[in-house]
Amino acid sequence: SIKDYGFNIGGSLIKDKIWFWGSYGVQDINLMDMRGDADATMLRTFNAKFNFAFGNHRIELYGVYNDKIKEGRKRYPLDYYEAGRKQTGPAYIFKIQDEITLGSSGLLSIKASYTPTSYKLEPYGGRNKPVYEEYKTYRWNTGTWEEYETKVYSGSILLNYFKDNFLIGDHQFKVGVDYRYSSSKTSSQLGNGLQLTTVDG
């Protein structure tokens, strides 16, 4: 069963001054794995954007919220239900940009963005018991839990300038600076820290 639906809306709030646009979308995907357990994925996304025009400034605010919820994520296709994991965790994008016209020949663009992302995989069997595994075949009792967190900061300043009839011709000059910083944190463990492995039972 696959469902894909959503809507978007936009328009002018103040003529020639302020505009907006927004959207919401869902993908609802339901499958069944080899053991008959649910393998379901739900994707939800919100988008929003506002544009402002004041004097020689054109400002844009933009944001995104995206969440993925997945049931039944397994390491091996034949894992028992309790060794499967549920994935949750949102991701965001926030951006602001200002484009400033400098007379008839120059454009200054200033942009900054922040993108935090986090998600986790939580085993249905819980974190307080060991993982049992038939060697590289299937798991039961519980599974591996994992947590991820990433943050990205970026910014840029760019100046464009166009000059007619300068040094035997027309010229476009560009100068700018880009900055980007990212950090990430990852944690994972087998159930309560133990795995018991059998071979051919």
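Definitions and cut-offs
Residues numbered from 1 in each chain as written. Predicted model: local features only at pLDDT ≥ 70, side-chain atom pairs only at ≥ 80, totals over all residues. Heavy atoms only, no water. Helix = DSSP H or I, 4+ residues; strand = E, 2+ residues; numbered from the N terminus. Buried < 20%, exposed > 50% of the residue type's maximum accessible area, 1.4 Å probe, protein only. Salt bridge = Lys/Arg side-chain N within 4 Å of Asp/Glu carboxyl O. Contact = heavy atoms within 4.5 Å. Phe/Tyr/Trp six-rings, centres within 6.5 Å; stacked < 30°, edge-to-face > 60°. Lys NZ or Arg CZ within 6 Å of the ring centre and 35° of its normal. Polar contact = N/O pair within 3.5 Å; in protein donor to acceptor, adjacent residues only side chain to side chain.

Peer 1: Sorry if this is basic, but what is going on with unusual backbone geometry here?
Peer 2: Only a minority of non-glycine residues have a phi that is not negative, and only a minority of peptide bonds are not trans. Residues other than glycine seldom take positive phi values, yet Asp16 does so here, at roughly 65°. Mapped onto the secondary structure, Asp16 falls in the loop between β1 (2-14) and β2 (18-32). One non-glycine residue with positive phi stands out, namely Lys136, at about 50°. Secondary-structure assignment places Lys136 in the loop between β8 (131-134) and β9 (138-140). On the accessibility criterion, Lys136 (57% relative accessible area) is exposed.

Peer 1: Got a minute to help me understand the pattern of salt bridges in this structure?
Peer 2: Between side chains of opposite charge, a pair can form when the charged atoms approach closely. Scanning the model with the defined rule gives 11 salt bridges in all. A salt bridge links Glu122 to Arg127; the shortest N-O distance between them is 2.7 Å. What makes Glu122 partly exposed here is its relative accessible area of 25%. For Arg127, a relative accessible area of 30% translates into the label partly exposed. Across the pair Arg127 and Glu147 runs a salt bridge, and its minimum N-O distance is 2.8 Å. One end of the pair, Arg127, is in the loop between β7 (106-123) and β8; the other, Glu147, is in strand β10 (residues 144-163), with 20 residues separating them in the sequence. The structure contains a network of salt bridges with shared partners spanning Asp33, Asp37 and Lys74.

Peer 1: Looking at this structure, how should I read the environment of Asn8?
Peer 2: Tracing the sequence through the fold places Asn8 in strand β1. As for Asn8 and Tyr24, which are separated by 16 residues in sequence, their C-alpha atoms are 6.4 Å apart. The contact partners of Asn8, leaving out residues within four places of it in the chain, are Trp21, Gly22 and Ser23.

Peer 1: Can you walk me through the packing of aromatic side chains in this structure?
Peer 2: We describe a pair of aromatic rings using the distance from one ring centre to the other and the angle between the two ring planes. Throughout the structure, instances matching the rule amount to 14 aromatic pairs. Ring geometry for Tyr80 and Tyr138: centres 5.7 Å apart, planes at 50°, overall tilted. Of the two residues, Tyr80 is situated in the loop between β4 (57-73) and β5 (85-88) and Tyr138 in strand β9; the sequence distance between them amounts to 58 residues. Owing to a relative accessible area of 35%, Tyr80 belongs among the partly exposed residues under this scheme. Between Tyr132 and Trp140, the ring centres sit 5.6 Å apart and the planes meet at 35°, which makes this aromatic pair tilted. Under the relative-accessibility criterion, Tyr132 is labelled partly exposed at 26%. On the accessibility criterion, Trp140 (27% relative accessible area) is partly exposed. Over the face of the ring belonging to Tyr138 we find Arg35, whose NZ or CZ atom lies 5.7 Å from the ring centre. It is Arg127 that lies over the ring of Trp145; its NZ or CZ is 3.9 Å from the centre.

Peer 1: Before we go on, may I ask you to explain the side chain of Asp39 in this structure?
Peer 2: By the element assignment, Asp39 lies in strand β3 (residues 38-54). Of the residues examined, Asp39 reaches a relative accessible area of 18% and is grouped as buried. Reaching out from Asp39, the side chain makes a polar contact with the side chain of Lys70 at a distance of 2.5 Å. Excluding its chain neighbours within four sequence positions, the residues that come into contact with Asp39 are Ile29, Asn30, Leu31, Met32, Asp33, Lys70, Glu71 and Gly72.

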